[in-house]
Amino acid sequence: MAFFDAARRDYVAANAGTLYWMLQRPALGDGFLNTKQNSLTCEDYGAEDGVRGPDYIYGWIQGRGLEALVGHAEFFDQELPPLAEKLDATGRRLYGLLAGLQKANGHAYFCYDRDIRPVYGDAAGAIHQQQRQGPIYSYSDAFVAKGLIAAVSRYGLPDLAEHLAYFHRVVEAIEDGRFQMDERRPLSLDSIASQADDFGPRMILLGAAGMLKRFGHADRLDYADRFIAHIMERHFDEAAGLLRNVPGEDLCNVGHGIEFVGFALDYLDGNADPALIEKLERILVASFDKGFVGPGLVLTVSTVTDEPQSPYCPWWSLPETIRAAALVHACTGSAESLRVWKKAHAAFFEHYWRGTPPIAYQTMTKDGPVDFVPATPDLDPGYHTGLSLLSAIHAADQLMPTTRIAR
């Protein structure tokens, strides 16, 4: 009980600190979130930093940020109402901006320039205008669709049906082979034809299922069981207890495997198949034990040798582990899930969390923090860290029912 209570306090404080830090920063453009700060130097990026700087807005980050603003406002309604009010004000403004961008041509994009034109930077650093060939969807569509649904559901705005339809067009694109994972190249059917059969797109869309359920959209959840079954049937390696990135290939992104566990358990309820819960716990424990090399989890390991295939340990996989382990433990009460939870908690707060300012180092190696960007240079807008810790808060409350009865 003492660990649950202490962890809860840590998570609430960390999330509130990050949110206040983000809210007080000057907005980008007409109201986009600004998390453009170097996690090593704590200096803001400027125009001289190119695609890291304020002249470029990442649709990924803005969509994630909108979902995070809404999710945290729901929580802080009770815990800290003045913060919830600020989150809602920012969320309403960001919703209007993202809804307008998506409505313009039916899509969201990974990156926009200062004139809000879709662009991408190639491997050499050159900037190109981004275009689409056919009805292609991407991770940016996924993140923005999730944020729009969360916002319109909380704020009672009129375009719910339109946003749900957009979300399900992304689902259909994944199942029809029209989803492109790499947005740093032209969005085209040719690009899709050459990409690997990774489980990432289904995993990310599964991350909306719990949110859809909480907002009363249970009639839109038919895809979730299909996605879980697809990933388990095609990517789960029974012998290793890991999810292979691509069926038949060796690499395992342990963070993505753990993220899948958290998203699945956020959606599943007490009627879930016990055999599935057991396998999800196996994925959590195996992924963590084989991927945790200190100070965090490496990007990839070999499913055959268990050897790390990268020196980089990004921040995001530790809070995702905290979420998954907390949800597993709330289901099973197992010693293994609690061990993983405690170890991930300690690693994140002892090595990654800066506290002042309330941000995490983006990436570390065994030698300490390094300037390596996992996906976007913008820092986390309360998504990987905040929403993961928020799920763990709810799990801790479930594990301490007598002390949190009012919640």
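The text that follows walks through the structure, step by step, so that each part is easy to find. (Residues numbered from 1 in each chain as written. Predicted model: local features only at pLDDT ≥ 70, side-chain atom pairs only at ≥ 80, totals over all residues. Heavy atoms only, no water.)

Focus: the overall build of the protein chain
Our working definition: Elements are defined by DSSP. Helices are runs of H or I of four residues or more, strands are runs of E of two residues or more, and each kind is numbered from the N terminus. Only the C-alpha atoms count toward the radius of gyration. The rule for a globule is 2.2 Å times the residue count to the power 0.38. Each residue gets one of three labels from its accessible area relative to the maximum for its type: buried under 20%, exposed over 50%, partly exposed in between, using a 1.4 Å probe on protein chains only. Here a residue-residue contact requires only that any non-hydrogen atoms of the pair lie within 4.5 Å. Per-residue accessibility takes into account occlusion by the displayed protein chains alone, with areas from the Shrake-Rupley method and a 1.4 Å probe. When charges are tallied, Lys and Arg are placed among the positive residues and Asp and Glu among the negative ones, while His and the ends of the chain are skipped. In plain terms, the charge of a residue is placed at NZ if it is Lys, CZ if Arg, CG if Asp and CD if Glu.
Along its length, the protein chain carries 14 helices and 13 strands. Relative to the compact-globule value of 22 Å for 407 residues, the protein chain shows a C-alpha radius of gyration of 20 Å, a close match. In terms of overall dimensions, the protein chain has C-alpha extents of about 55 × 50 × 50 Å along its principal axes. Counting only residues that meet the buried cut, the protein chain has 60% of its 407 residues in that class. Within the protein chain, contacts between residues separated by at least 24 positions form 70% of all contacts whose residues are at least 6 apart in sequence. Here the protein chain displays about 15900 Å² of accessible surface, and carbon together with sulfur accounts for 51% of that area. Side chains of the protein chain carry 37 positive and 53 negative charges; the gap between the two charge centres is 3 Å.

Points about the packing of helix 9 (residues 222-235) against helix 10 (residues 254-267)
Quick note on the threshold: To obtain each axis, a line is fitted to C-alpha atoms, and for helices this fit is confined to the stretch in contact; angles are then taken between N-to-C directions over 0 to 180 degrees. Less than a right angle of anticlockwise turn of the near helix away from the far helix marks a crossing as left-handed, whereas a clockwise turn marks it as right-handed. Polarity classes work like this: nonpolar for Ala, Val, Leu, Ile, Met, Phe, Trp, Tyr, Cys and Pro, charged for Asp, Glu, Lys and Arg, and polar for all others, with Gly in that last group.
The contact between helix 9 and helix 10 brings their axes to 11 Å, and the two run at 145 degrees. Pair helix 9 / helix 10 crosses with left-handed handedness. Taking contact as the criterion, the partners of Ala224, Asp225, Ile228, Ile231 and Met232 in helix 9 are, on helix 10, Phe260, Ala264 and Tyr267. Tallied by class, residues from the contact of helix 9 with helix 10 come to 7 nonpolar, no polar and 1 charged.

Things to note about the pattern of salt bridges
For clarity, the threshold we go by: By definition here, a salt bridge exists when the distance from a side-chain nitrogen of Lys or Arg to a carboxyl oxygen of Asp or Glu is within 4 Å.
A complete count under the given rule lists 28 salt bridges for this structure. The salt bridge partner of arginine 132 is aspartate 141, with a shortest N-O separation of 3.4 Å. Note on aspartate 141: relative accessible area 0%, which makes it buried. For aspartate 269, the salt bridge goes to lysine 213, with nearest N and O atoms at 3.9 Å. Linking aspartate 269 in the loop between helix 10 and helix 11 (274-291) with lysine 213 in helix 8 (residues 209-214), this pair joins segments that are 56 residues apart in sequence. Members of the salt-bridge network, linked through shared partners, are Glu74, Asp77, Asp88 and Arg154.

Focus on the layout of surface pockets
Definition in use: Definitions used throughout: a 1 Å grid over protein atoms alone; a cavity as a set of points that fits a 1.4 Å probe which cannot get out; a pocket as an open set with protein on both sides within 12 Å along at least five of seven lines; a lining residue as one with an atom within 4 Å of a point. Grid points are joined across faces, edges and corners, and a volume is the space filled by probe spheres set on the points.
In this structure, the largest pocket occupies an estimated 1000 Å³ of space. Around the largest pocket, the lining is made up of 39 residues, and of these Trp60, Tyr139, His256, Pro374 and Ala375 lie nearest the centre. When residues of the lining of the largest pocket are traced back to their parent elements, those giving at least two are helix 2 (59-79), helix 4 (139-155), helix 7 (200-206) and helix 10. Size it by volume and the second largest pocket reaches roughly 840 Å³. If you go around the second largest pocket, you meet 35 residues; those closest to its centre are Arg214, Asp266, Leu390, Ser391 and His394. Here the lining of the second largest pocket takes 8 residues from helix 14 (residues 383-399), the largest share from any one element. For the lining of the second largest pocket, the class distribution of residues is 16 nonpolar, 7 polar and 12 charged.

What about the sheet that holds strand 13 (residues 368-369)?
Selection criterion: A pair of strands is considered paired only if DSSP assigns at least 2 bridges between the two.
Judged by pairing direction, the sheet is antiparallel, and its 3 strands sit side by side in the order 11-12-13 without closing on themselves. On the outer flanks of this sheet lie strand 11 (313-314) and strand 13, each paired with one strand and no other. Of the pairings in the sheet, the one linking strand 12 (residues 363-365) to strand 13 comprises 2 bridges and is antiparallel in character. Directly across from methionine 364, in strand 13, lies its bridge partner proline 369.

Comments concerning the environment of leucine 160
Looking at the secondary structure, you find leucine 160 in helix 5 (residues 160-176). Through-space distance from the C-alpha of leucine 160 to that of alanine 150 is 9.3 Å; in sequence the pair is 10 residues apart. Leave out the neighbours within four places in its chain, and leucine 160 touches Val152, Ser153 and His217.

Re the packing of helix 2 against helix 3 (residues 81-105)
Under the convention used in this document: By the definition adopted for this analysis, an angle is roughly parallel if under 35 degrees, roughly antiparallel if over 145, roughly perpendicular if from 65 to 115, and oblique otherwise.
Running from amino to carboxyl end, helix 2 crosses helix 3 at an angle of 155 degrees, the nearest separation of the two axes being 8 Å. Classed by the angle they form, the pair helix 2 and helix 3 counts as roughly antiparallel. Judged by the sense of rotation from one axis to the other, the crossing of helix 2 with helix 3 is left-handed. Residues Gln62, Gly63, Gly65, Leu66, Leu69, His72, Ala73, Phe76, Asp77, Gln78 and Glu79 of helix 2 form the contact with helix 3, whose participating residues are Pro81, Leu83, Ala84, Leu87, Asp88, Thr90, Gly91, Leu94, Tyr95 and Leu98. Considering only residue class, the contact of helix 2 with helix 3 consists of 11 nonpolar, 7 polar and 3 charged.

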